[in-house]
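# Topology and contacts: notes
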Amino acid sequence: MEVFNKLYTSVTQTVSQLSSVLPGNPVTREYDITGHIASAGRGCMWKIYSGTKKSTGQEASIFLLEKRLFERYSKEDREEIFEIARRGVTQITKIRHPQVLTVQHPLEESRESFAFATEPVYASLANVLGDTTNLPAPVISELGSYSLYETEIKYGLLQLIEGIQFIHNETKLVHRNISPHSVVLNSHGIWKIFGFDYCVSSENANRYDYNPNQNVLAIPSLEYTAPECALENGYSARADYYALGVLIGAIYAKKCNPFKTFGRDYTAFKKQAQELRSGKCPNLMNVPQGIRSHVEKLLTASPERRPDLVQISKVPYFDDIGVKSLSYLDTLFQRDNQDKAKFYKGLPQIIKMLPARINLHRILQCLVKEFIHPTMIPFVLPNVLLIAENCTKAEYEKHIFPHIKSIMSLQDPVQILLIFMQNMELLLKLTSANDVKLYVLPMVYKALESNSTQVQELCLAVLPSFANLIDYPSMKNSLLPRIKHLCAKSAVASVRVNCLLCVGQLLPQLDKWLVLDDILMFLPTVAPREPAVIMAIVGIYKVAANHEMLGIPKEFAANKVLPFLWPLSIENGLTLQQYNVIMAFVSELSQKVQSEHTRKLEQLNTGPTDSNPLQYDILAPSKTADNGNSEDHQIGITTKEFVDKAKIEKPATSRPLTLSEMKPMENSVPKISAPVSTAPSMNTAFQLQPTQPSPFVPPPSTFQPMPMWQPQRPVAVPQYNPVGASFNGNPSMDQFQALLPATTSSSSHHHLSNSNIQTKTPLLQPMNNSRSSATATSQGSNILTKEDILEFLK
């Protein structure tokens, strides 16, 4: 929030400053002014603002001269200064040359100011050398830390030499104001000549008459005035040569006035001129040895002894590979395509040797001009992307991406896509997410849809390297479908193999369900199946099965993967080694399915089991599952629970129980206690008809209630026959009594009736498996053994 507040404050201050200066100036109707960036001109009296043209959005710089700054001078001095300013801007507006500042909008005057617009300007050379007059406070950090590189100085001086030669030879003018304040650096770092305030024609006799009463701003700077003006009261075009020598000393001394500051002290200036005539040269220890001697010649008092600027431009000092490269780039429009292509092929080696600022602001601006010629783009584009490697993201988005996004849609020549594919990681790293979706990914899609096999394979090869930079929706909905389509339609085996290899490398970037439902289901449709294709398919399965975040479920492996791999393993053309690899994976996957399913079954069957599930003791006390918490999950129920349940579910009746009703009462059937009576006992009263038992059904593996044992047919209880006659063809009482085991009771017979049943004394007690006779109870009642009951149930 603090950053936005500072930005708002800065903009507000700028607007408030301009509102008091430019309200009536016509320049404001044409341009939007954004910020105060620099100053230039004699005494840095021109403030420089950045801005844009309203009609076209083109960047520009607005030079502003505020009249209120000269209120301390007399009216005559003010008018003289204003007239000099008008003349200088009018003169520079007429000149068109690459080394002269280009004026976009002519001078406009209002009551408060003078203003005109030029090409975008970074700063004046005086600002770079430390003169902060008329600069905003505090000075922007970028300008405060700006330092000129050796290549920039050399090439800048060559540009000035070329510009001065043009002024002398073509316009027939003497500049008379060559100094750091009249040299500006445009946005590309090109040095431009400015400040034609004191220029005069070179064809007329030029006499110099110094007027000590003149305002200091009304005359050229004495620090850069040639000595012949004081010694001979005249000057020629070679006076600009002397000013150039002083400028070279100022650049290497890193201050605007390298020798002396005269101001209005004409006497001191004349004294120095005499010293120069006597052969005393100023201190040039900061100037490099390669050009020092030539600078000394430029600073001589005799104009005839000063070397010509053409000779200066040819000294070995300027034989720098960077300087030559920049000079060649400036003359590219004169070369044919063959020469250009040859130069661009060797340019990467030069770019690596030059500072990043020179590459970005000087070389790049020449290269992007070639983008209008598609045939030259393959030669230029590698150099542009090489420059981008040493840029910040902000510099890339401002200076490089606006140019290359216009050629991302080109598919002819095919080398353009190849170069972009080779540098895709760089593009995704520097390009914003929104621009990636709008420009970069559509270019990748076009590469996959290209008719060139080489482009397709290269795109597939580099895709995995930047897959983590692609958002998931684009990966799922746009990229993968195109790869699958290319794999399905391509007749080239190498393309299909590269498609599968690319998919295999993309698997870690996908989620499990997309892999299962989309990728693995697609593999069986890939045809034809050359050995390389088969091994790529197996590789995808193996990556999916072994990746810790993916995995193949056993059901999918058993139903989809293994049935597909078995016939795949016997395809023709596979070598023994390839076959062994496939079978090793099949065995690994089968073992995994087996172990997982075994583990599942073990978890489901964790309850206790008998060694022989078919042997159940029908009279053993039953146990409940889940500690008796639920009747629905019981293996068996106790007799008491069954009786209680029977009392609720069925009404009590006086009829005899059938065997089906007696079966659940295995462990606790009430014992029948017969009262003393003259009636015969149950043992002698009747004989039961034996029946065939039903087959035994073992309980299921899950916890379910034990099924009730059902006899094949019910056994009716015979009525008592007092006379001992046979019943329905059954043996007589005497015969049945002989079949029963002996008891301890008397031979008297007991009468059996429902009213005499004692339910508190159990009749059926748990027995051992031995066939010995049961002992009598303490009450003297007969207790049947387990074997007797079994015989009874047969």
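Just above, that's the structure.
A few points on the structure. On a predicted model such as this, the values are computed, not experimentally measured, just so you know.

Across its full length, the protein holds 31 helices and 12 strands. When the 794 residues of the protein are sorted by exposure, 45% land in the buried category. Long-range pairs, those at least 24 residues apart, make up 68% of the contacts in the protein with a sequence separation of at least 6. Of the roughly 41,400 Å² of accessible surface on the protein, a fraction of 52% belongs to carbon and sulfur atoms.

All right, on to the pattern of salt bridges then. In the structure shown here, the tally under the stated rule is 17 salt bridges. Between Arg68 and Glu66 there is a salt bridge, and its shortest N-O distance comes to 2.8 Å. Here Arg68 falls in the partly exposed class, since its relative accessible area comes to 49%. By relative accessible area, Glu66 is classed as buried at 3%. The shortest N-O distance in the salt bridge between Lys67 and Glu109 comes to 2.9 Å. Here Lys67, found in the loop between β3 (59–66) and α3 (75–94), pairs with Glu109, found in strand β4 (residues 103–109); they are 42 residues apart in sequence, far enough to count as distant. One salt-bridge network, in which partners are shared between bridges, spans Lys67, Glu83, Arg86 and Glu109.

Next up on the list: a nonpolar patch on the surface. On the surface, Ile570, Leu576 and Tyr579 cluster together into a nonpolar patch covering about 340 Å² of accessible area. Along the polypeptide, Ile570 turns up in the loop between α25 (554–569) and α26 (576–604). A relative accessible area of 62% places Ile570 in the exposed class.

Time to look at the packing of aromatic side chains. Within the structure shown, the criterion is met by 16 aromatic pairs. An angle of 80 degrees between the planes, with centres 5.2 Å apart, marks the rings of Trp46 and Phe116 as edge-to-face. Placement of Trp46 in strand β2 (residues 46–53) and of Phe116 in strand β5 (residues 113–118) is noted, with a sequence separation of 70 residues between them. We note that Trp46, like Phe116, is buried. Arranged with centres 5.3 Å apart and planes meeting at 45 degrees, the rings of Phe63 and Phe194 form a pair that is tilted. Residue Phe63 is located in strand β3, and its partner Phe194 is located in the loop between β9 (191–193) and β10 (200–201); the two are separated by 131 residues in the primary sequence.

Pairing between sheet strands relies on hydrogen bonds along the backbone, with the strands arranged either parallel or antiparallel. With respect to topology, five strands assemble into an open sheet ordered β1-β2-β3-β5-β4, the strand pairing being antiparallel. Two strands in the sheet have a free side with no partner beyond their single neighbour: β1 (31–40) and β4. Adjacent strand axes in the sheet meet at a mean angle of 25 degrees when their direction is disregarded. With six bridges joining them, β2 and β3 adopt antiparallel strand pairing. By the bridge assignment, Thr52 is partnered in β3 with Glu59.

Attention shifts here to unusual backbone geometry. The linkage connecting Asp412 with the following residue, Pro413, adopts the cis geometry, with an omega of 0 degrees. Relative to the helices and strands, Pro413 resides in the loop between α16 (393–404) and α17 (415–422). Even without glycine at this site, Cys44 takes up a positive phi of about 55 degrees. Tracing the backbone through its elements, the reader meets Cys44 in the loop between β1 and β2. What makes Cys44 buried here is its relative accessible area of 0%.

Side chains that are nonpolar tend, in soluble globular proteins, to be buried together. By size, the foremost hydrophobic cluster in this structure holds 200 residues, and its most contacted members are Trp46, Leu381, Ile400, Ile404, Ile483, Leu520 and Tyr541. Among the elements that make up this core, the one with the highest residue count is helix α8 (residues 239–253) (11 residues). Residues within four places of Ile400 in sequence aside, it is in contact with Leu360, Leu364, Val384, Ile387, Ala388, Cys391 and Glu395.

Another point: the environment of Met549. For Met549, the location among the structural elements is in the loop between α24 (531–546) and α25. Residues Met549 and Leu510, spaced 39 residues apart in sequence, show a C-alpha to C-alpha distance of 9.4 Å.

Now for the environment of Ala557. Tracing the backbone through its elements, the reader meets Ala557 in helix α25. Residue Ala557 is classed as buried on the basis of its relative accessible area of 1%. Sequence-wise, Ala557 and Ala545 are 12 residues apart; in three dimensions their C-alpha atoms are separated by 9.2 Å. Ignoring any residue separated from it by four or fewer positions in sequence, one finds Ala557 in contact with Ile552, Leu562, Pro563, Leu589 and Val593.

On to the sheet that holds strand β6 (residues 121–124). Read across the sheet, three strands follow the order β6-β8-β9 without closing on themselves; strand pairing throughout is antiparallel. A strand with exactly one partner marks an edge of an open sheet, and here the two such strands are β6 and β9. Across this sheet, the average inter-strand angle for adjacent strands is 35 degrees, counted without regard to direction. Where strand β8 (residues 183–186) lies against β9, three bridges are found, and the strand directions are antiparallel. Within β9, the position partnered with Leu185 by the bridge is Trp191. Against the sheet, helix α6 (residues 150–169) engages β8 and β9, with an angle of about 25 degrees to β9.

Turning to helix α14 (residues 356–367), a few remarks are in order. Among the 12 residues of α14, 11 are classified as buried, and the element is accordingly described as predominantly covered. Three or more residues of α14 are buried, namely Arg357, Ile358, Asn359, Leu360, His361, Arg362, Ile363, Leu364, Gln365, Cys366 and Leu367. Buried-residue contacts for α14 involve α6, α12 (321–330), α13 (337–353), α15 (377–389) and α16.

This part is about the pairing of β4. As paired elements, β4 and β5 share four bridges and run antiparallel to each other. What sits directly across from Glu109, in β5, is Phe114. Connecting β4 to the next strand, β5, in antiparallel fashion are three residues.

Once that is clear, we can look at the side chain of Asn186. Inspection of the secondary structure assignment puts Asn186 in strand β8. Overall, the relative accessible area of 4% leaves Asn186 in the buried class. A polar side-chain atom of Asn186 sits 2.8 Å from the main-chain amide nitrogen of Ile190. In contact with Asn186, not counting residues within four places along its chain, are Glu119, Pro120, Val121, Tyr122 and Lys192.

Thresholds applied
Residues numbered from 1 in each chain as written. Predicted model: local features only at pLDDT ≥ 70, side-chain atom pairs only at ≥ 80, totals over all residues. Heavy atoms only, no water. Helix = DSSP H or I, 4+ residues; strand = E, 2+ residues; numbered from the N terminus. Buried < 20%, exposed > 50% of the residue type's maximum accessible area, 1.4 Å probe, protein only. Contact = heavy atoms within 4.5 Å. Areas by Shrake-Rupley, 256 points an atom, 1.4 Å probe, with all protein chains shown as cover. Salt bridge = Lys/Arg side-chain N within 4 Å of Asp/Glu carboxyl O. Patch = residues over 30% accessible without salt bridge, like charges linked within 9 Å, V, L, I, M, F, W, Y side chains within 5 Å. Phe/Tyr/Trp six-rings, centres within 6.5 Å; stacked < 30°, edge-to-face > 60°. Pairing = 2+ DSSP bridges. Axes fitted to C-alpha atoms, helices over the stretch in contact; angles between N-to-C directions. Core = buried A, V, L, I, M, F, W, Y, C linked by side-chain atoms within 4.5 Å. Polar contact = N/O pair within 3.5 Å; in protein donor to acceptor, adjacent residues only side chain to side chain.

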